[in-house]
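Listed below, chain by chain, are the residues.
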Amino acid sequence: MNVLVLGSGGREHAIAWSIKQSKECGELYVMPGNPGCAQIATCLNGAANDFEAVKEAVLAHNINLVVVGPEEPLVLGLADKFKADSQLKNILFVGPGAAGARLEGSKEFAKEFMNRHNIPTAKFKSFTKSTLEEGKQFLGSMQPPYVLKADGLAAGKGVLILNSLEEACAELESMVGGKFGSASSTVVIEQFLSGIEVSVFILTDGEGYLILPQAKDYKRIGEGDKGLNTGGMGAVSPVPFADELFMQKVEQRIIKPTIEGLKKDGIPYNGFIFLGLICCAGEPYVIEYNVRMGDPETQAVMTRIKSDMLLHLVACAKGELSGQKIEISKEAALAVIAVSEGYPQNYAKGFEIEGNELLSNNTFSGAVKLFHSGTAQKEGRIVTSGGRVLSVVANSVEGEGDLAAKLQECRQKAYSQIDKVSYRGKTYRRDIGEDILKMLESGR
Ligand code: AMP
Ligand code: GLY
């Protein structure tokens, strides 16, 4: 089975790694990939969004299966273009068509979908430039904090949470006036939900589904969850409050109605669904749908899947997931991300990364793995090339012991490896997993 993974981050490095573990994996390609991917796969020039470049690669390398990492190519209809192309229509493809990708591509669509199918989520209304005054009145009728969301894709920046009514009205005006371009010509205003967030991932073919390990993401740049939102500074899996009872509720109230809802609406779906959930007093609510895996959650999640991920992906693409079972390790995984100084705002790049042999010869031994995100190869050296630079993922190997002991083990291993990485401006959070350890302690 020759496989092409589309994308260039840590998520794609981790997906490629999980595919590489399979005995069924023939030639593995990543487009465009990164220097980490290049250690386990052949990286191809071209952008994941560029249908012609992807088509050329698929035909030139006899690709049997395409797995899409990021959302943008899906929202732009890459899966539909494959189905409509006589040379590509039989290539196995993991990723929904544009209709399904609207779950992420349009917040308004996602909210209406959830209402239509009785899926628990925050109450909302949406507004445009022509209904601005109604929008301001609606804000006036709500309690702070006010949650404003650009309807379309806004590179993760389209959600504003504001405490003052005045500020919320001004932001609404600026958003419908084009603050995020056409992405914010419609704005969703919704009720603020207070609770703990958890990321739940499924792989579905529109009929059957596998529930992947859940994870907690650390979104803020600073320790103690302070400062600006980032793409994610770390991840932990499993998440103790997402226990069996909670996950049963998620499956019954969210996963099954989502898949049924897609069917009822006539939307075919083959791919991942990332449920951004919030747990309010033990009850799950959907904050958002994504039509892809999360980054950096994937780096932790993939290391806990013991069954053959490539076979799951093939079954997903063929519509044969119903008969499959996923095997998940009882061990914990913890990912720490190293970023460039200044991220998520302006940062410099091009600094040499050194000090850790896992960087260039990642044999993935010792239950510690290093995944590349924003790195580049320059004159034989590995240099920084993005905001999020790399992640170290550690797994516990004890077999016995409680989750707290396993997380301690992961923390010790992940931090001792990330401490060995050096580059100018290296920045990371030292508190990944500490909140969960506190939660576990207080629960005892
Ligand atoms: P989103 O891009 O929809 O994931 O939103 C970004 C972040 O904003 C989420 O991860 C939450 O932390 C927060 N958020 C979004 N919607 C709400 C809400 N209704 N109540 C509270 N927090 C929210
Ligand atoms: N880590 C959150 C995301 O990938 O959207």
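Note that the structure is a prediction, hence the values are computed from the model and not measured.

Asks: I would appreciate a short explanation of the packing of aromatic side chains in the present structure.
Replies: Each aromatic ring pair is specified by the distance between its two centres and by the angle formed by the two planes. Per the stated rule, a full pass over the model turns up ten aromatic pairs. Taking 6.2 Å as the distance between ring centres and 75° as the angle between the ring planes, the aromatic pair formed by Phe-51 and Phe-82 counts as edge-to-face. Highlighted residues: Phe-51 in helix H2 (residues 51–60) and Phe-82 in helix H4 (residues 78–84), separated in sequence by 31 residues. Exposure remark for Phe-82: the relative accessible area of 2% places this residue in the buried category. One aromatic cluster in this structure is built from Phe-51, Phe-82 and Phe-93. A cation over a ring is seen here: Lys-216 above Tyr-218, with NZ or CZ 4.0 Å from the ring centre.

Asks: Explain the site of ligand 2 here, please?
Replies: The local shell around ligand 2 consists of Asp-217, Gly-231, Phe-274, Arg-292, Gly-294, Asp-295, Pro-296 and Glu-297. In the model, an oxygen atom of ligand 2 is placed 3.0 Å from a nitrogen or oxygen of the Arg-292 side chain. Glu-297 places a side-chain nitrogen or oxygen 2.8 Å from a nitrogen atom of ligand 2. When the residues that make up the shell around ligand 2 are grouped by side-chain class, the tally is two nonpolar, two polar and four charged.

Asks: Looking at this model, I keep getting lost on the sheet that holds strand S4 (residues 65–68). Mind explaining?
Replies: Two modes of strand pairing occur in sheets, parallel and antiparallel, and in both the strands are linked by backbone hydrogen bonds. Pairing is parallel across the open sheet formed by five strands, whose spatial order is S3-S2-S1-S4-S5. Both outer strands of the open sheet, strand S3 (42–43) and strand S5 (92–94), are each paired with one neighbouring strand and no more. As paired elements, S4 and S5 share three bridges and run parallel to each other. When the bridges of S5 are listed, Leu-65 appears paired with Leu-92. In this fold helix H1 (residues 10–20) packs onto strand S1 (3–7), strand S2 (28–32) and S4, with an angle of close to 165° to the strand it touches most, S1.

Asks: What is the right way to read the sheet that holds strand S15 (residues 234–237) from this model?
Replies: One open sheet holds the five strands; their spatial order is S12-S15-S18-S22-S19, and the pairing between them is antiparallel. At either end of the open sheet lies a strand with only one pairing partner, and these are strand S12 (216–217) and strand S19 (368–372). As paired strands, S19 and strand S22 (residues 388–395) are joined by five bridges and run antiparallel to one another. Counterpart to Leu-370 in the pairing with S22 is Val-392.

The rules behind these values
- Residues numbered from 1 in each chain as written.
- Chains lettered and ligands numbered in written order.
- Predicted model: local features only at pLDDT ≥ 70, side-chain atom pairs only at ≥ 80, totals over all residues.
- Heavy atoms only, no water.
- Phe/Tyr/Trp six-rings, centres within 6.5 Å; stacked < 30°, edge-to-face > 60°.
- Helix = DSSP H or I, 4+ residues; strand = E, 2+ residues; numbered from the N terminus.
- Buried < 20%, exposed > 50% of the residue type's maximum accessible area, 1.4 Å probe, protein only.
- Lys NZ or Arg CZ within 6 Å of the ring centre and 35° of its normal.
- Near = heavy atom within 4 Å.
- Polar contact = N/O pair within 3.5 Å; in protein donor to acceptor, adjacent residues only side chain to side chain.
- Nonpolar A, V, L, I, M, F, W, Y, C, P; charged D, E, K, R; others polar.
- Pairing = 2+ DSSP bridges.
- Contact = heavy atoms within 4.5 Å.
- Axes fitted to C-alpha atoms, helices over the stretch in contact; angles between N-to-C directions.

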